[in-house]
Amino acid sequence: MAEPRPGLALLFQRRFLAARPLRSLPWPELEQSLRTAPDSALLADILHKTILHPLCVKYPPSAKYRRCFLTELIKKLESTAAEPLDELYEALADVLKEGESTHCYKNYLLPTGDCVSLAESPALISGGTTGLLTWEAALHLAQWALQNPGLFRDRTVLELGSGIGFTGIAICKTCQPRTFIFSDCHPRVLRQLGENIQLNGLTPEPDSTCSIQTESQGQEVEGQNCQNPTVIVAELDWGSVTEKQLLGLRADVVIAADVVYDPEIILALIGMLQKLSTSRADRKAPEVFIASTIRNPDTYQLFQAELDKVGIRWQMIPAHSSCNFLYEVQPDVTLLQLFL
């Protein structure tokens, strides 16, 4: 039974470090393995690849998440004839001493061996915004981008509604864009976004966390070296941004995730897409990709209908087959390509 163990421990590691829902962890496989060979060595391996992993020590998930994880792991141990594992109980005792923090971390292991670490708010809505955590559509869009790096390589990418930055940071680390422009409109989100960008070894341009003002500012966005992209953090209000300002950004690719969730926001988004389509001057219109979690089918159909109304063609991009970030199939997440 030694052969499947490394794979099982790594599966726990990938999902635990990203603080995926505990129910999505491979508990049935663990139970089966322990029934076949009651050995605490497997649990020790899982412990060292999760709770005691250097990433977890430096950037830990919430105390509640770690507490529930360890409690479940102990239950599995005690349901078998395996030898007691002192360090498992010691780890739980350490977590029980901790208080809950106002923020926690998630660590996403990339296929390249690199990782994206993010500080998030444990609350669904925090500080009046939903932008302080990573949503499923952002994971979906990032995974698709990593499977299509040529679309971003040596190009200027504008992300709308960047939130806390997962998609953009993953693209910067793996797809070699020339320039990546993160954007959002909520001050607290922009502040957390900037911190996460720096947490991952990227350096935003000095004083770049500001409103997009002029075309000349946008012209400075062109990067020098796609191995080390120029990173911009911009406050971007879809309703007030002008065609001239959008032209100044010189975006080759525009991406967004989980921005189609409210009828009013949809109209502002489409208005800005229209500005993008008419602000191209001599430049080719940017390629646009929008990932969405369909929570309300009526709202999503409204988005498609409004696109049709203003003459923006769209097509659905088929879901990718492998799951590096999603870990479980998400049938309600879709990706559209728009043609401006």
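Residues numbered from 1 in each chain as written. Predicted model: local features only at pLDDT ≥ 70, side-chain atom pairs only at ≥ 80, totals over all residues. Heavy atoms only, no water.

Visitor: Can you explain the overall build of the protein chain? Please cite residues and give values.
Guide: Within the protein chain one finds 13 helices and 10 strands. The buried share among the 340 residues of the protein chain stands at 53%. Of the contacts formed within the protein chain by residues at least 6 apart in sequence, a portion of 75% connects residues at least 24 apart. As presented, the protein chain carries roughly 15,300 Å² of accessible surface, and 51% of it is formed by carbon and sulfur atoms. (Helix = DSSP H or I, 4+ residues; strand = E, 2+ residues; numbered from the N terminus. Buried < 20%, exposed > 50% of the residue type's maximum accessible area, 1.4 Å probe, protein only. Contact = heavy atoms within 4.5 Å. Areas by Shrake-Rupley, 256 points an atom, 1.4 Å probe, with all protein chains shown as cover.)

Visitor: Could you give an account of the pairing of strand β1 (residues 104-109), with specific residues and numbers?
Guide: Of all the 6 residues making up β1, 6 are buried; the element is thus mostly covered by neighbouring parts of the structure. Residues Cys104, Lys106 and Tyr108 line one face of β1 and the alternating positions Tyr105, Asn107 and Leu109 line the opposite face, and both faces are buried. Bridge count between β1 and strand β2 (residues 115-120): 6 bridges; the pairing is antiparallel. When the bridges of β2 are listed, Cys104 appears paired with Glu120. (Pairing = 2+ DSSP bridges.)

Visitor: Quick rundown of the environment of Gly161? Include the residues and the values.
Guide: Relative to the helices and strands, Gly161 is located in the loop between β3 (156-160) and α8 (166-174). On a C-alpha basis, the gap between Gly161 and Phe182 in space is 7.8 Å, while along the polypeptide they are 21 residues apart. Sequence-distant contacts of Gly161, that is, excluding residues within four places in its chain, are made with Ser183, Asp184, Trp238, Ala257 and Val259.

Visitor: Quick rundown of the packing of aromatic side chains? Include the residues and the values.
Guide: Within this structure, the stated rule accounts for 11 aromatic pairs. Seen in terms of ring centroids, Phe12 and Trp27 are 5.1 Å apart; in terms of plane orientation they differ by 70 degrees. Their pairing is edge-to-face. With Phe12 in helix α1 (residues 4-17) and Trp27 in helix α2 (residues 27-36), the pair connects residues that are 15 residues apart, well separated along the chain. Comparing Phe12 with Trp27 shows no difference in burial state: the two are buried. Ring centres 5.7 Å apart and planes at 40 degrees place the aromatic pair Phe16 and Tyr65 in the tilted group. Of this pair, Phe16 sits in helix α1 while Tyr65 is found in helix α5 (residues 63-78), placing the two residues 49 residues apart along the sequence. Each member of the pair, Phe16 as well as Tyr65, is classed as buried. Each member of the aromatic cluster is reached from another via a ring pair, and the members are Phe12, Phe16, Trp27, Tyr65 and Phe69. Sitting over the ring of Phe339, Arg313 keeps its end group 4.7 Å from the ring centre. (Phe/Tyr/Trp six-rings, centres within 6.5 Å; stacked < 30°, edge-to-face > 60°. Lys NZ or Arg CZ within 6 Å of the ring centre and 35° of its normal.)

Visitor: Which residues make up the pattern of salt bridges, and what values go with them?
Guide: This structure, assessed with the given rule, holds 12 salt bridges. Two residues, Glu98 and Arg66, come together in a salt bridge whose shortest N-O distance is 2.7 Å. Separated by 32 residues along the polypeptide, Glu98 in the loop between α6 (86-96) and β1 and Arg66 in helix α5 bring together distant segments of the chain. Given the relative accessible area of 37%, Glu98 is considered partly exposed. Classification of Arg66 as buried rests on a relative accessible area of 8%. For the salt bridge of Lys97 with Asp94, the shortest nitrogen-to-oxygen distance reads 3.8 Å. On the basis of relative accessibility, which here comes to 68%, the residue Lys97 falls in the exposed class. Linked by salt bridges that have partners in common, Glu31, Glu72 and Lys76 make up one network. (Salt bridge = Lys/Arg side-chain N within 4 Å of Asp/Glu carboxyl O.)

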